[in-house]
Structure formats: C-alpha cells, structure tokens
Number of protein chains: 2
Amino acid sequence: MPRKYVYSFGEGAAEGRDDMKGLLGGKGAALAEMTNAGIPVPPGFTITTTACTLHRELGTIPAEVSRQIDEHLAVLEQRMNRTFGDADEPLLVSVRSGAKVSMPGMMDTVLNLGLNPEAVRGLAESSGDPRFALDAYRRFIMMYSDVVLGVERSRFEAVMSSARRKARKQTDSQLSAKQLEKVVTAFEKIVLDRTGEPFPRDPRVQLRGAIEAVFGSWDTERARRYRKLHDISDALGTACNVQAMVFGNRGERSATGVGFTRNPATGEREFYGEFLQNAQGEDVVAGIRTPRLLVELEAVLPEAYRELQDIALRLERHYGDMQDFEFTIEEGKLFMLQTRTGKRTGIAAVKVATDMVDEGLITREEAVIRVEPVQLLQLLHPVFDPAARAEHEVAAVGINASPGAACGRLVFTSDDAVAEAEAGNEVILVRHETSPDDIHGMNAAVGLLTVTGGMTSHAAVVGRQMGKPAVVGCESLRINAAREQLEVGGHTVERGDWLSIDGTTGEVILAEVGTMPSEVVQVVTGELDPAKSTIFAGFQRLLEWADLTRRLRVRANADTGPDAEVALALGAEGIGLARTEHMFFGADRMPKMQDMILARTEAERRKALRRLLPLQRRDFIALFKAMSGLPVTIRTLDPPLHEFLPNPTELKVEIEVMKATGKSKGQRKADYEARLAELEAIYERVLSITEINPMLGWRGCRLTILVPEIIEMQARALFEAAAKCISNGVSVDPEIMIPLVGDVGELRRQREVVERVAKEVEAKLGVHVNYKIGTMIELPRAAVTADKIAEQAEFFSFGTNDLTQTTFGFSRDDAGKFLGRYVDEGILPRNPFVSIDREGVGELMRIAVSKGRAARQGIKIGICGEHGGDPQSVGFCHDLGLDYVSCSPYRIPVARLAAAQAVLHERGVEELRTRARRNLRYKTPPTYHDTALGHDA
Amino acid sequence: MPRKYVYSFGEGAAEGRDDMKGLLGGKGAALAEMTNAGIPVPPGFTITTTACTLHRELGTIPAEVSRQIDEHLAVLEQRMNRTFGDADEPLLVSVRSGAKVSMPGMMDTVLNLGLNPEAVRGLAESSGDPRFALDAYRRFIMMYSDVVLGVERSRFEAVMSSARRKARKQTDSQLSAKQLEKVVTAFEKIVLDRTGEPFPRDPRVQLRGAIEAVFGSWDTERARRYRKLHDISDALGTACNVQAMVFGNRGERSATGVGFTRNPATGEREFYGEFLQNAQGEDVVAGIRTPRLLVELEAVLPEAYRELQDIALRLERHYGDMQDFEFTIEEGKLFMLQTRTGKRTGIAAVKVATDMVDEGLITREEAVIRVEPVQLLQLLHPVFDPAARAEHEVAAVGINASPGAACGRLVFTSDDAVAEAEAGNEVILVRHETSPDDIHGMNAAVGLLTVTGGMTSHAAVVGRQMGKPAVVGCESLRINAAREQLEVGGHTVERGDWLSIDGTTGEVILAEVGTMPSEVVQVVTGELDPAKSTIFAGFQRLLEWADLTRRLRVRANADTGPDAEVALALGAEGIGLARTEHMFFGADRMPKMQDMILARTEAERRKALRRLLPLQRRDFIALFKAMSGLPVTIRTLDPPLHEFLPNPTELKVEIEVMKATGKSKGQRKADYEARLAELEAIYERVLSITEINPMLGWRGCRLTILVPEIIEMQARALFEAAAKCISNGVSVDPEIMIPLVGDVGELRRQREVVERVAKEVEAKLGVHVNYKIGTMIELPRAAVTADKIAEQAEFFSFGTNDLTQTTFGFSRDDAGKFLGRYVDEGILPRNPFVSIDREGVGELMRIAVSKGRAARQGIKIGICGEHGGDPQSVGFCHDLGLDYVSCSPYRIPVARLAAAQAVLHERGVEELRTRARRNLRYKTPPTYHDTALGHDA
C-alpha cells in the first residue's frame, strides 16, 4: 500500500489528530482535532510534511501525492456539493502552509483558489452578488500572482488605488462590480505582461501551483533566517492545507477575525480579539480598515458571538492552554479556521499559568513547564517609564545584548566615563567596540552602546556580567571621534548629550527617557508592597512550584553585598562565584591595585597589599552578612594584571610626542625630563606585563602561585572577615575557589598557602572557621585530569566561558569576526558562548564529572560560567548530574525555572500534554464569568 | 628477619650484583660485580638506598642499619686484618656516595677515614713512612671538615699555601713530615674554632658522620637542581660505599688514575685516560699537578699497566659498552675502584655503537638503543670553524635554544634585519625578546639572540621552527636601544659590528667567527665525498638499522624545495607539514600579501591573490619535485593576518608625532596631509585586524572559510603545480591539510572548495590529480569530536603546539613568565612544549585516535607539531599507534632513531641488557691490537 500523503477533515470526522503535528503541521493537526470535536470547520484536506520533503528533494510533486490530492479533492467536492471550476457551483479553496512550529507571517497563503471567468459568473449567480464574486477574483489574482507567479504585489495595488481615485472612493469595498471588472481586466494584463503567459484558468493547474508555492515557501531566505533565529530544524518541512473557502465578506451578517482566550499582554482572563464585518481575513492583517474589538461582536451577531465564546472556552479547556484562534462568519454561520497556543508576554505567561492552576485546568507542574524561563527576565529588568518613552522616537536599533533600560550622558572614552561618573553623572559609554582596556569605563557607565560586535562581543559579555544594559552591533551609528560626535540617521549628538538605550529591545533613543525598576524588582528591593503588585504573587508562586520540582541548586554570581541581597531575594541558595578582582575596579581601589602591580620588590608589593586588605575584608563581610550561613564561593584573583594598567600604546604615543615636541611649551627642563623618565618607567613596566594572548597568559593561579603575597592577602581578608562574622553571631560557609588550575600541583600549592593563612588567623583571632577549597574546571587539561585534581578539591565549578574559549580555541574578544557568520551560515548550530556546546565542551564536562566523582565520591560540582543562567545549558547541567548552577542575580529565577523544567523533561513532557487533553466534550462549558473553574482532581 | 641494609664485597665474592643498581647505586653494583668477577677491588660494603630513604624520613640512621654496619665493619676488619682506630694496624676506609644514576661531581666523598693521632702513628710505623701518614691525616681532616662538619675548605687551603710559602716549596708533596705536623695542628685548631668541638677522634663517630653526610648530600640544592635538569627522580636516594683505603701515594710504585676503554670524544678504539704517580684520586681531579696520558703508564709500571688494560677490555666486554673506570696502584698492586658506562659525544656514541657491532660485541638493535637520539644533532648543526673559534673568547653564555653556529652583523630591530639582508649582509638579530611582530626580521636574520626568555620563548620556538641558531635568555647582555649599543661584561659593541653565536652551546662571541656545515651535512648536500668523512658511514649505518626496527614513518616539516631536499637526504619519507604562509614571509612576497590583506573588496583581494598564485605554484612544484612521489602534506593558510602587517603601536606613534610636530620640516602641506591620511587609513585597517588574543582569533580555516578566495588560490596553485609535475613525468602524492578545525562543519566547507577547484583545474588542464584531504587535530574540541571529523578527513595530523596551548590554556608567547618557574619548582615535571604532556594533551590525543579510528578504519594519523622531533614524544606517538611523525629536517635522524628505540623499549630494554652480559670470565682477553673481536653468535 502506498504511503498516505493526504489527510482529510470535514463532516465531524478527520483522519488526523492533534498529536500528528509533525506530519500535518500545527494548523492541519488543529483543523483535524477541531473537526473531530464537532467544532464547525470548513472541510478540506492536509498534504503532509513528508510530501513537502519529497517535493524539496525531487523539485516536483510526485505522482502518488498528486493522485491522493485528486482523490481527496473529489471527496471535498462531494462534501461541499460543488465542483472545482464549475460554472454554476464552483468549489473555492484556500491553500495555506502550516509547519509543526508556528512561523507567523513567514509563509504563504492563497485564498479563493478555483476562480476563473466562468466560475466568477457561477459564484455571482449562486451568491446573487456579482460584486462579491468579482472582488473575490481580483483578490485571488493578486495573491496568486504574488505568491505563485512572483509578480510584484505593488503593481496590483497601484491599479487598485488608481481605480479608487477614478471612482472617488475611499475603500476597495466601495468599488462597484463594474469598476471591479475593469480592475480584473487590468490585473490579467499585468500577469500577461510580467510572465508572458495568461493567468491560469484551470483550477487544477492553479491548485498545483499554489501547493508548490507553499512547499517552496519553506525555503525562502526569510523563512530560513527565522528558523535559525528560533532554533527550528530546516528538515521539518511544512504541510499544506487545502480547505473549502468560507467568506466573511458576504455582507453585513458576515465577518472575520482573530481572538485569544485571554489577554496575551497581561494574561487577564478576558475574551480578547478583533474582527471586521464583511471582510476577508487578509483585511484584518493588512490594516486598511481598523478592526473592532471582539467583545463588540456580541452586539452585531449575538448568536455567532456566543457560539464563538463557547468554542473558545472549550478549545482552551481541551488544549489546557490559552488559544489564539481565527474564525469567519459567513452569513451568520460560524466557522473556525485555526486554533493554536497563543503567544504571550512574560507577564501574561506567568499570570495565565498560575491562574490556570487556580482554575483547576492544569497542574502546578504543567504551569512550571508553560513559562519560557527567559520570559521571566521581562519581569526583572529596568524599563523605560512608559509615559516618557511614548514621547520619543527610536533613532536606531542594535543587538539587544544585555537587557534593561538605561539613560545617561554620552561619552566616547572610558576615561571620560570614569571622570563623569566621579563627577556624579550617569553616562552611556559609546565605543566602536570595547576591549579589556575599557573595563574601568564600562564599570563607570550605566549603559553600553557599540557600533560593531554581536552577542558574544566584549561589550555584550562584560555588560551581561556586570548587569549593565548593552546594545551592540548598532551599525547605523557613525562615531566621529575627533569631533566627539555621534551621527545616527541624519541626527548628530555630542559628548554630554542625553542618550537612552534599551538592552531588552536594542532600541537607541537620542533623548533622556526616564527608567524605573520593574515591579518585581521594586518588591524584591522593598520599594513596593507585594500586595500592591499585580504580578509579584504569580511570579513568586510559579517559582515556588519550580523549587518543589527541581533537583539542581541555584546560586548567584555576586561580588558585592547589595548584589548578594538582590540575589537572595530572587531565590539564590548561596553565592557560586564572587569575583574578587571586580572589587578592585572601583575608582578608589584601582590606584592601590596599580601600586601593587607596579611594585618592584616583594616588600613594596606587600605594603600595597596591606592597604587593599581592609577593603577586601569589608567586601567579604558584606557578602557573608547578606548570605548569612549560605555557602559563599570566593574566587581568588583571576584576570591578567594589565587589565588594571594604562594602555601601552597610549603611553608610548605620549612619550614619543613629548620627545618629538621637546619642552616647547615653556615647561622647565627638569620637570620635562622627570615626567619623561616617569612615563618611560611606567611604559617599560606595563610593557613587561602586557601579553600577546592575555587570555592564555599569566593570570589566575599562575599569578598567585608565583606571587603568593596576593592570595595570602585575599585568604587573610577572607578568614578575618569570617571570624568577625562568627564573633558577631553571623554564621558563614566560605568556599575558596582557585581559578585556572590545569594541573593538580597548582591547586596543591595554593591549598598550602590558604591552609597556612587559615591557621595563622585562627591563632591570632581565636575563632575557628570551617571552609572548603575547590577549583574552577575551565581548561581542557583540568577536565581530562579531573581525577587527579579531585584529590585536592572539595568542589569543582565549571568555568564554561573559559572552557569554551580553550576547547574551541576561540577568543571571546575576537570571535566576533567570524562567530556570527559561523552561526548564520550554519557551520555551528548556535553560539557556544550563549548555550553550552554539548558535543565538545559538554563532552569535556562529562569526562570531568565522571573522573571527579570516581576519585572523590560526592564531590560537589557546579557551574559558574555565564551559561549558568541559560535555560538550555541549565538543562544540560541537570542531565550531567551537577549539584548546582550559579548565575547573575537576575538570571536566578530563569535558572530556577529551567532547572525544574529539566526535571519535567526528564519525566517526559508528552505525558503532561496527554494528561492535559481531557474535557473537550464536557456538557456545561465554562463562561468568562466563572472566577474559578473547579480544582484539579 | 630484619631487612638487609648492608651488602659486603671482598675476597672474590660479593653479596650484590650489577642488576641491583636501584638498591646499591651504580658504584656499589659495579664494585660487587667486579669483585664477583675476580677483579681486584679493595673490600668493603655498600649501605643501600633504602637506608638512605629511611635516613631522609627519620633524620637519623635507624638502629638496625647501624647494627648491620657494625657487623660488616667487623667482617671488613677481619678481611683486612686491621682494626678501626688501631694504633698499630689501623683500618682506613673511604666513604663514597653512589646513586642509581651517575651524578658526576654532585655528591660527597671522604677518604682516609679512621685516622686519628694514634692511628697516624700506627700508619707511619706500619708503612714506614711518617710523611705519608701525616699527609693522609691532613687530607682527611680537610675533607671530613668540609663534607661532614661544614667548615670552609678555603680556610685549610690557606694554611697549606702559607706552609708552602714558609717552606719555600711549590707543591704539597714537597712538604716534610715536620712541616705537615704543624699543618695538622693548625687544621685541628680551625675545626675547634669553627665548630666549638675538637675534631672527632673516634673512627666510629667519624664513620657515622660521613655516612650521614653522604646521605644528606642527596638533598643539597645543587643535587636537586641537577636531578631536575636530568629528569632523575628525587625519590631514588643514594647508596653509601664504605671501602678499605688503598693508596696511590705510597711512593713511585704507586699511582692513581681514570680511564676510558675508548676515546670519549671521537669513539676511536684506544686506551684513553690519565694518571698521576704517587698521588691520591683527588689530585687528578683537583688539577694541581698535570696528569700524564694513560699510555705512558706502560713505561712506569708495565705489569700494572698490562693488567689494567686487560681488566678494562674485560669490563667493556662484560658490560658490552664503553667503560669509564677509576683505579689505584698501591706499591705496584692494581685495585679497581669504579667502573661505569662512559659518557661520550654524539660522534663518539655513533662510532662506538657501530664499531661494537662490527666487533661482535653487541647486536645492531643494541647499537640502536645505545645512542641518545638528540646526540645525533651534534653531527648535523653548523659548527664554528675550529681554528677561528680558538682565537676568541666567549663574552656571555645564554640558553642554547636552537642549535647551530651563526655569525653576522649586529642589528637591533627587525626592520634593520630585513634592510641589511636585502643589502646582502648576514645579520644576527638581537632583541630584548621577540614577538610575532618580529617574524620578518627573524626570517631575514641568520641567528637570533635575546636577553630574556627560555626554551619556550617566542625566539626559541620560531628559531627552531625556522632552523635558525638561537641563544635566548642571555641575561648578562644590556641593550641600549637609543644608542644602538650592546653591552656585555665591560665590552660594548654597536649596530653593524660582528657577532657570533653558537645555539648548540649558548655561547656568544663578540667577533666574526667563521662557521661551516657539519661533516654529515656536507655529505648530505653533496659538498663532501662520503668516503672522505670519518663519521658519515657510521651515522648512515646506525640509521639504516633504526629503519629496519621502527614502525613509525618519519616525515619532514619543510616549506621549500631546498629544505625538502635536505630532509630527503636525511631520510624523510615525505613531507608532513608544508606551511604555505612561510612562503609569504619573503621580502619579495610580503608586500603582495599585505595588498591582499588590506584589500577592501573581494575584487581587489582576488587581484592581489592572482599575483601570489604563480609564486605559490612555483613553491609547490619545487616541493613535489624534491619529494618525487612521496606524500607531501600542504597546510592551507594558518597564521593571523596581522602577522603580515606593520605594528599598530608604531603606526600610531608615527601618526601622533606627525600631528604634534605639524609640517615643520619644510614639507609641503599637501604632501603632509596625504601622508597623514594614508597612515591613518592603514592604521585603522591594521587595528581592525589586530586581535586581543591572536592565538585564539580569526586564523586558520576560520579565515579561509569566510574569505574563500584565499584557499581557492592555494588549491588552484597546488593542483596546477601537481598537474604540471605529472605532465613532466614527476609523480605526486599531495595531501591537503586544513588547519584549526574545531567542528566537522568547517572541514566540510573547506573540502567543498578544494574539490571544486580540483575539478576546475582538471577540466582546464586535462590532468587528473589524486589527492587526500585531512585536518590538523590541534584543538581540544577537534580531539573530542574526532569521530565526527573523521567522516570528512582522510588523515589527521596532531598539531601538538596549538593543542598544548589550548589544553593548558598557555600562550607559548607569554608562558615564559611562569612556565620556567613551574618546571623549576616542580609544579610541572617538564616543559610541555618540549615534550608532550602525556597526562593531559596525551589523553586528548588518545581520545582522538580512538574516536577517529572507530569512525574511519585505517585513517592515517600523524603529528607535525615540534614534538615530532622530541625523542620522548616520538616514543609516546609510537605507543599511541600513530602512523608517522613529522619534524624539522635536522630532527629527522633523531626521530628515526627514537622511533626505533620505542619499538625496542616495547620489546623490553632489560632483555637486551641481559643478553649483553656474557663473556666476563673468558680466557683470552682481547687486546687493543685486535681490529675485530669476532662476531656475535
């Protein structure tokens, strides 16, 4: 028996089902499901994605598929009691694409297919409405020519507007039959002119063309781009739905519209949508006429409205989720054309999920799986004050690299950023691109904007690390460094002017737009009473349910007391990474750090370190207090030293310019020479520290092994801080983490120093501190020798940023040149700095976990790279059996939810889905007036 | 029964054997072996290395060990018929260290132990020579005080020279008994003054002190440093030999000396050594008296001489290797004190091994295992003309980073190097340290000298890669860049002065010292008739034997026709790595390469590439011709682009200085502005290409995937060259190697381009070329996904330089800051850039081999990193089951030998050793007049 390529639906029965989305596409499966449920759906049939794949491979529709299409077309003609191309009772169909995953607006549709001059006459007679028939025909010619024949839509639109002008009418629907006849003639001429062929009259030829166009639309550039962006496989293909036409443009008792079972922006339980009377579906989308709110349909067509509301509620109950549906009312009779899971904002997602639990519609676990983890970020990042935002236009849109809104004065250099910040001004740092030399400026700025770079550029990565809004790769900007000006699409702003960016959307506004913390953050920081927030309770409940489900612990990457407090309020169960070097980027500390680095003797260095110690101790006390008793993982100094030093090129330029110009500006010779000597000394020292590949240089434990004074100071500050907390009744659980270990010998050395200092502090202060020593696993060598390293480590934390860099041999700072194109061109499926590369980096992690656990049973293993807040990566960490993930504070809710979803995926999502489908044919449908619909059994 | 800690030897029988070196040390085992063989050895006993280990752990000699020492001392007294400390017939002993592996000069010895005032009297009487007794005593006090009591030797030497002055004598042996008595009194006073205790009189106390000192000498700083340098385990410990004294200073019929069974410099079969009449062993070493050649002993003490020669030949025959022995003749009677394998030069090693095969003493396989592979380099690198060399003194000694001698004019910058080279001058480039910016200068220079950096510094690595002599880390140099002067220990030389360096020894000479190719190289390059070389035949034969044994193939890293020819002559079986980028560093090509890189459009770039194509094609033809039919692996462009561009800091300085000084030097304004604009444009472009971590940046296939014009040009040049060769009857076997692949998708892309070009060239020229496409495995991700990559690769070549960098996260250019200290301080056992890190990098290689072979049976796997010429790494590659190693041409003999040794080690070296021990008690000893000693059974 040949394979089945076509599935019919109609007359209350369908060959397909909802769980056949892979074969029938989302739309086809939904049409089948609704048909089987007795919901009024115009009959038709679905050509499978398998047929699409065959078409892609062969370049044509195979004979067997054609045969089955003909067979089902015959059934459809019978059901509709109309004949394709018939002069009296012509069958008209719509041809629509429908992939497994919704790709809104990406693919093609043809309506009114089957019309030709004879059929138009038949339709005019059978409908008694020649104007309607002609209008349907001109729409068909236009769509078909656009979609199938490739004739530009604008040519047809020009004819229409000329016709309107001639007839002095405002809208197309005001054109008379006579005027439309002329339009059709003009349309046919356009097709002949552009294609060299007359418009096809044979409905079967039309149908074949439309099906091929639908299949072909899977492979358009924009569809491919969309799939890449949304991580949808190119191999899926689309199904094609051929369905009898129903008309919402058959007069005032006809209408067409779209609706949601709840408000997709807020999640409120209300019947939400839009409709147009006497119109076809495309009119709603086209925006020529302004649609009316769906609730107003009750006054216009009360019976159809009630039936629609009833069906909508049944659909929501059936699918157990908010639905987005399309309908047409033809002369008072309602037809459903589509239903699918409705897209919604983060706020709505949380509200719908928690409400549905209260309504007994879904379980708490289902609620947990319903919300996309990253959607929670929408509830957390600063937002523009909506009123202020509305007053300004967007000057440019870049890549939304680090979320949140920010507003400040424009500066072009990191030094300016620091100077302005010290003067008390908030600044947006605008750079062509940032580099490690900009760290101090990035730290001083409230937001970052760059002309080049992608999601993995330096600005993006550091922005996310620092929790600063960042828009990168905003290529329409032009920086004129000499004049300190920024040009954007005709506008020019200068240093010191106001600038606002929204890192959540990528928007750049050349004005001061006030920002405010999100409602959830206001609650979390105690600025808003939770009772006064409409969204906080749902957010909190959903995450509590997630916490009941998840196995992975969630910690925060936080370097300061305030960060730690926010993290705790957002559910952190400890700190997984406190970067001690971040404590030194502050303007008050940088000079002390520079003294330490530029010290020429150990004695000088120890002196500088003694001045840093109290600052570091204070930082640690703040962290311990904030986390009272929860584990706090403190990483010893990590970055290359030159990150704290001036740029050598700038120094060299200053020196050479001084030399070339001499002491020309009336300067005293002695002053001049002293200054020159000083500069040259600093330059030599900076140069001796500058590295060719700083990422692979003298940093992390390599530095603190050979200059042990540094780690000694850090350990002393830590143990003194811990002792002080204990003395004050604050319990502490410090974990000391050594970075960049590649060999167990390195860790052994560092452990010796830390243990010695611990004993010294205990002897001095008389307070015993319990602590653990562990290491980052961030080098391939650490991963493959994890068994040896585990002998000296009480915990591992994967530093997947560095591990990704070394495993791929990609510098995060430089990969912008090629990584974006690698992903665009499909060489890599996704950016490995955003989501863990399971095949390579993940394999090394797997080796490390297995060797580490074999050598030390129960060794605690976590992750503290940026991936710790990426839902896919969190899922991978769960699968690997890690103990915890650690991420930036605002990512904590994301990680909590993702960790719970990982458990649910492990248990099988399909099982949940199956359980959700149950009450379709229930007798008494719920109404929008019910406040709760009963509780789950 | 207690463990045995002491082993006796004497009276023709010993408790030990030669195969107990681990327990008895080399000396102890040799003394036992000789004793058992009936060779005259003064009796004594050996305290084991196990006792040493106990002493190190406990800080004292355990009671059981003391008990056994006493027991054996009693046996010794009995054998010698003398008593320890006896006033009439005192027993005197020597106490000598002796580890498993010889550590010449590193450890301590005490002679004449057992003397005190009473015993001196007894000795004077029994010997009838009071002067001899007193001389023995003063020697003993001096040695014992130095070694055991820690009193400075110089204080005693001062007394001796003052005594000589007073007595107006030239030598110590001319001092009378009376004068020596005063010396002894003065010595005893020194000991009392310095230690607060009288010199110990009890021989048992003396003995215990000496044994503890010998054991303690294992842990001195210099001994530890020596072991680190020679890769000897600290855990071994030393044995301690206590042996009855025999005296070479009992008059004119007494003598002492050292000898070799063959000439250790040339390997000639001659009785070679030195002796002193009427002297103790230390006198030979001390150099106060000039020793006489051993052959002269025949005239002095003919019987002892003949016996010595006979014993020496028996020892060589017994051990099957050249021996280095010590002897003493006491009043005409010969005693052997030590025998061990003699150290020798590379030339001698080859000659001895091949001669011994001819003599039937060892097998060919034994010969192969006898020569240290790196010793062969001594036969290959350029050498100073010996006559010229003798005329100059060495001004400084640095680290011998890249072997060979070189002589040229001194330059301080890479630009100067290029300019001078273009003017036809040979130059030595002297830099504080080199960086990738110096590549063009390094290429232009004949030798490299740097002030800082170690074996893995940039200069060292690139020097070895380029085959240029390099001396690095020569810290006594001072560069005065401003004056273009170099200061070395008081001397100052200037730019343009002559300078000579020997990268084999690290010597720097401030003069023109002529160099010449080594004899072997002269033969290989056809400059010398092999028959006229004394060493070539042995070299050739040894390597032929190695070739019969080895399984690994050996290929060369060679980029040019001449290099390939040398490689072939040295035994290369193909080219494993031709670096196409090296072809562009030439002065004539660099500008074309720069045009290509700075091109702003694809059209411009293609134009520049068209000019490079014929050059590249010519290079390939030369390679193919040189290797006629052997495989030639050509790697497509690898390094970061900025290696071909000017230094951005220098550009920036030039621009800013121009700006600051304006058009002050009478330049026309238009010229000034045009030049400034040009510089700024170049600077911007260079800056946009400059990377923060070039090692991890946009290079290798990442570059040629996104700019496919480059690899297209290279593939076209390659296939056109191959086609041309084939047309001319030269057979070719090209292998195209894609660098820096991390994901199979990259390789797939590059394969598509290469295959397309291959077809285009075939269509155009009508010649079919067979070729393979493969990849480097030089990233951890490539190693762990080798199964996937193997689907697209017909061969793998491990790029262990980069793989080491990424696995450790060490930049080779920057690791100098810490790697030396890591090795010095024992954090890493050895430099992983010199010898493959088996635990980490090796584990990734193992994974790659296993996954690669599983996915593609029989996939060819080799290595082309610098490790390919390191004997230890070659051994590892053999163990891993690779198919070939590839290394620089002069390393090919090293790799051939190391590959053969790997097979022999696999079969068990000990087995060979055992087979070698056989003919000790043969009746008719061989003589130095036999030309051949019969053939092996």
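The structure displayed is predicted, hence computed values, not measured ones.

Chemist: In this structure, what is going on with the UniProt feature "domain: Pyruvate phosphate dikinase AMP/ATP-binding" (unreviewed entry) in chain A? I would like to understand it.
Modeler: Residues and elements named next belong to chain A. In the UniProt entry, the feature "domain: Pyruvate phosphate dikinase AMP/ATP-binding" (unreviewed entry) is given for residues 23-54, 63-291 and 303-359. From the first C-alpha to the last, residues 23-54 spans 13 Å; its make-up is 62% helix and 12% strand. Strand forms 30% of residues 303-359 and helix 53%; the C-alpha atoms that close the span are 27 Å apart.

Chemist: Sorry if this is basic, but what is going on with the side chain of T49(B) here?
Modeler: All names here are of chain B. Among the secondary structure elements, T49 is positioned in helix α2 (residues 49-58). For T49, a relative accessible area of 5% corresponds to the buried category. When sequence neighbours within four positions are dropped, the list of residues in contact with T49 reads G22, L23, G25, L236, G237, T238 and A239.

Chemist: When you look at α2(B) in this model, what are you seeing that I'm missing?
Modeler: Given 3.6 residues per turn, any residue in an α-helix points the same way as the ones three and four places further on. All names here are of chain B. Those residues of α2 not exposed but buried are T49, T50, A51, C52 and H55. In this structure, the buried residues of α2 make contact with α1 (21-36), β3 (44-47), α3 (63-80), α8 (203-217) and β8 (238-244). In the segment just after α2, G59 is the residue with positive phi, at about 80 degrees.

Chemist: Would you explain the environment of E157(B) in this entry?
Modeler: Residues and elements named next belong to chain B. In this structure, E157 sits in helix α6 (residues 153-167). With a relative accessible area of 39%, E157 lands in the partly exposed category. Residues E157 and A786 lie 629 residues apart in sequence; the distance between their C-alpha atoms is 68 Å.

Chemist: In this structure, what is going on with the pattern of salt bridges? I would like to understand it.
Modeler: A side chain of one charge can pair with a side chain of the opposite charge if their charged atoms are brought near each other. All names here are of chain A. Scanning the model with the defined rule gives 141 salt bridges over all chains in all. When the shortest N-O distance is used, the salt bridge between E654 and R675 registers 3.3 Å. Placement of the pair is E654 in helix α24 (residues 648-661) and R675 in helix α25 (residues 669-689), with a sequence separation of 21 residues. Residues joined in a network through salt bridges with shared partners are E602, R606, E712, R716, R756 and E760.

Chemist: Teacher, can you tell me more about the sheet that holds strand β21 (residues 477-480) of chain A here?
Modeler: By way of backbone hydrogen bonds, the strands of a sheet pair with one another, either parallel or antiparallel. All names here are of chain A. Pairing within the open sheet is antiparallel, and its 3 strands lie in the order β21-β22-β23. With one partner strand each, in any of the chains shown, β21 and β23 (491-494) form the two edges of the open sheet. Averaged over all neighbouring strand pairs, the angle between strand axes comes to 20 degrees, with direction disregarded. Relative to β23, strand β22 (residues 485-488) is paired through 4 bridges, and the arrangement is antiparallel. When the sheet's bridge partners are listed, Q485 is paired in β23 with E494.

Chemist: Hey, could you run me through the sheet that holds strand β20 (residues 470-472) of chain B in this one?
Modeler: Residue and element names in this part refer to chain B. Spatially, 8 strands are ordered β15-β25-β24-β17-β18-β19-β20-β16 in an open sheet, and the strand pairing comes out mixed. With one partner strand each, in any of the chains shown, β15 (396-397) and β16 (399-402) form the two edges of the open sheet. Here β15 runs beside strand β25 (residues 507-509); their pairing, made up of 2 bridges, is antiparallel. Bridging across to β25, V397 finds its partner in E507. Of the strands in this sheet, β17 (405-411) and β18 (427-431) touch helix α16 (residues 414-422), which is tilted by about 175 degrees from β18.

Chemist: Just checking my understanding: could you explain the side chain of T580(A) for this structure?
Modeler: Residues and elements named next belong to chain A. Secondary-structure assignment places T580 in the loop between β28 (575-579) and α22 (590-598). What makes T580 buried here is its relative accessible area of 1%. A distance of 3.5 Å separates a polar atom in the side chain of T580 from the backbone nitrogen of L637. Those residues in contact with T580, other than ones at most four positions away along the chain, are Q616, F620, I634, R635, T636, L637 and Q714.

Chemist: Explanation requested: the nonpolar core in the structure shown.
Modeler: Most often, soluble globular proteins keep nonpolar side chains buried together rather than apart. F624(A), F719(A), F798(A), F624(B), F719(B) and F798(B) are the most contacted members of the largest nonpolar core, which totals 330 residues. Aside from chain neighbours lying at most four places away, what touches F719(B) is I736(B), V754(B), V757(B), A758(B), V761(B), V769(B) and Y771(B).

Chemist: What should I look at first to understand the relation of the copies chain B and chain A in this one?
Modeler: Both copies of the chain are placed relative to one another by a rotation about an axis and a shift along it. By a simple turn and slide, chain B fits onto chain A: the slide is 0.0 Å along the axis, the RMSD is 0.2 Å, and the turn is 180 degrees. Both copies of the chain, as the preceding transformation shows, are related through a two-fold rotation axis.

Chemist: Hey, could you run me through the state of the cysteines in this one?
Modeler: Linking two cysteines covalently via their sulfur atoms produces the bond known as a disulfide. Residues and elements named next belong to chain A. Following the criterion strictly, the structure yields 0 disulfides over all chains and no others. Summary of cysteine pairing: C701 is not part of a disulfide, and the nearest cysteine sulfur, belonging to C864, is at 14 Å. Looking at C877, it has no disulfide partner, and the nearest cysteine sulfur is the one in C887, 11 Å off.

Chemist: Help me understand the interface of chain B and chain A in this model?
Modeler: Size of an interface: often given as the accessible area lost when the parts come together. Contacts between the two partners involve 57 residues from chain B and, on the opposite side, 58 residues from chain A. Of the roughly 5,200 Å² buried at the junction of chain B and chain A (both faces included), carbon and sulfur atoms supply 62%. Together, I692(B), L696(B) and R781(B) form the three largest contributors to the area buried by chain B at its contact with chain A, with a combined 13%. Where chain B meets chain A, there are 10 salt bridges. Salt-bridge contacts for K788(B) lead to E839(A); the nearest nitrogen and oxygen are separated by 3.9 Å. Across the chain B-chain A interface, the total number found is 25 residue pairs in polar contact (both at pLDDT 80 or more). Counting only elements with at least two residues in the side of chain B that touches chain A, the list comes to α24 (648-661), α25 (669-689), α26 (701-706), α28 (744-765), α29 (780-784), α31 (800-808), α32 (816-824) and α33 (841-855) of chain B. Ranked by residue count, the leading element in the side of chain B that touches chain A is α24(B), at 7 residues. Here the side of chain B that touches chain A is composed, by residue class, of 24 nonpolar, 15 polar and 18 charged.

Rules used in this analysis
Residues numbered from 1 in each chain as written. Chains lettered and ligands numbered in written order. Predicted model: local features only at pLDDT ≥ 70, side-chain atom pairs only at ≥ 80, totals over all residues. Heavy atoms only, no water. UniProt positions renumbered as here; feature names shortened; annotations may be inferred. Helix = DSSP H or I, 4+ residues; strand = E, 2+ residues; numbered from the N terminus. Buried < 20%, exposed > 50% of the residue type's maximum accessible area, 1.4 Å probe, protein only. Contact = heavy atoms within 4.5 Å. Salt bridge = Lys/Arg side-chain N within 4 Å of Asp/Glu carboxyl O. Pairing = 2+ DSSP bridges. Axes fitted to C-alpha atoms, helices over the stretch in contact; angles between N-to-C directions. Polar contact = N/O pair within 3.5 Å; in protein donor to acceptor, adjacent residues only side chain to side chain. Core = buried A, V, L, I, M, F, W, Y, C linked by side-chain atoms within 4.5 Å. Least-squares fit on C-alpha atoms with pLDDT ≥ 70 in both. Disulfide = S-S within 2.5 Å. Buried area = accessible area lost by both parts, 1.4 Å probe. Nonpolar A, V, L, I, M, F, W, Y, C, P; charged D, E, K, R; others polar.

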